[in-house]
Amino acid sequence: MIADFVPLVGDSPAARATAAELVARWSEPHRRYHDRAHLAAVLAAVDTLADQARDAVAVRLAAWFHDAVYDGRPGWDEERSAQLAQSRLPRCGVPARRIAEVARLVRLTAAHDTLADDDPDGAVLCDADLAVLGSPGYDAYAAAIRQEYAHIPDELFAKGRAEVLARLLAVPRLYRTARARDLWEERARANLSAELAALTAAPQPGGDQPL
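In this report, we go over the structure that sits alongside the text. (Residues numbered from 1 in each chain as written. Predicted model: local features only at pLDDT ≥ 70, side-chain atom pairs only at ≥ 80, totals over all residues. Heavy atoms only, no water.)

**Some remarks on helix H2 (residues 13–26)**
Operational definition: Helical segments are the DSSP runs of H or I of at least four residues, strand segments are the runs of E of at least two, and each set is numbered from the N terminus. The span expected for a helix works out to 1.5 Å for each residue beyond the first. The rule is simple: take the accessible area with a 1.4 Å probe, protein chains only, and divide by the maximum for that residue type; under 20% is buried, over 50% is exposed, in between is partly exposed. Any two residues whose heavy atoms approach within 4.5 Å are treated as being in contact.
With 14 residues, H2 should reach 20 Å at 1.5 Å per residue; the first-to-last C-alpha distance of 20 Å fits that figure. Of the positions making up H2, those classed as buried are Ala14, Ala15, Thr18, Ala19, Glu21, Leu22, Val23 and Trp26. Elements in contact with the buried residues of H2: helix H1 (2–9), helix H3 (36–49), helix H4 (56–65) and helix H5 (76–88).

Pasting the structure below:
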């Protein structure tokens, strides 16, 4: 995967060191869903949508960094990941303006519903991050998310997860780009609805909100 990162910033010792660090972070043993397979899937989805971005390089860099720090702490993980990008990319020779955009995009993934309508780079990254919702591998994704929150009792997890799914289903469009909607919207809604129905088969007490 290092060979996929280096062309985005230009070949240099700093670029290779940063790529190696990122691969090591994405390979951490506590990860079950937010791992190298997820990174590869997001990058592939970005490739599918890249022509709709303003700065496709910034979007790809944001994909590399968006869960580079992952401790299972929503909001905090994205902030630390954005700070990591701001720390590592200058030594790779990335222009300050692009670094600022990468950090902005990484922070945006903490709450996709804050995405503005006139943000093509944000739309491509968020759609790529959510592409798994409309994939044939949805059940494996849901199982991996449960494993990442294994420390939470079943009842609490079910409640929090159901709230996340209901919130996603309530929005008029899961995906912001027309291509993503064509590719994934219908199947994503079916997947989300099926999981929500299973989780809400019996009342559950309150809990965290994993995604």
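**Focus: helix H10 (residues 178–199)**
Our working definition: Here the bend at a residue is taken as the angle between two axes, fitted respectively to the seven residues that end there and the seven that start there.
End to end, H10 covers 30 Å across 22 residues, agreeing with the expected 32 Å (1.5 Å per residue, within 8%). Residue tryptophan 184 marks the point of greatest curvature in H10, where the axis turns by about 50°. Every buried residue of H10 is accounted for by Ala180, Trp184, Glu185, Ala188, Asn191, Leu192, Glu195, Leu196 and Leu199. Packing partners of the buried residues in H10 comprise H3, helix H7 (120–129), helix H8 (138–148) and helix H9 (154–170).

**Side note on the nonpolar core**
Note the following rule: Residues belong to a common nonpolar core when they are buried Ala, Val, Leu, Ile, Met, Phe, Trp, Tyr or Cys residues joined through side-chain atoms within 4.5 Å.
Grouped together as the largest cluster of nonpolar side chains are 66 residues, with contacts concentrated most on Phe5, Val9, Trp64, Phe65, Leu89 and Leu133. When neighbours within four sequence positions are excluded, valine 9 is seen to be in contact with Ala15, Leu61, Leu89, Cys92 and Val94.

**As for the pattern of salt bridges**
Just so we agree on the cut-off: For this analysis, a salt bridge means a side-chain nitrogen from Lys or Arg found within 4 Å of a carboxyl oxygen belonging to Asp or Glu.
Counted according to the given criterion, the structure contains 16 salt bridges. The shortest N-O distance in the salt bridge between aspartate 47 and arginine 60 comes to 3.0 Å. Placement of the pair is aspartate 47 in helix H3 and arginine 60 in helix H4, with a sequence separation of 13 residues. Aspartate 47 gets classed as partly exposed once you look at its relative accessible area, which sits at 48%. For aspartate 51, the salt bridge goes to arginine 179, with nearest N and O atoms at 2.9 Å.

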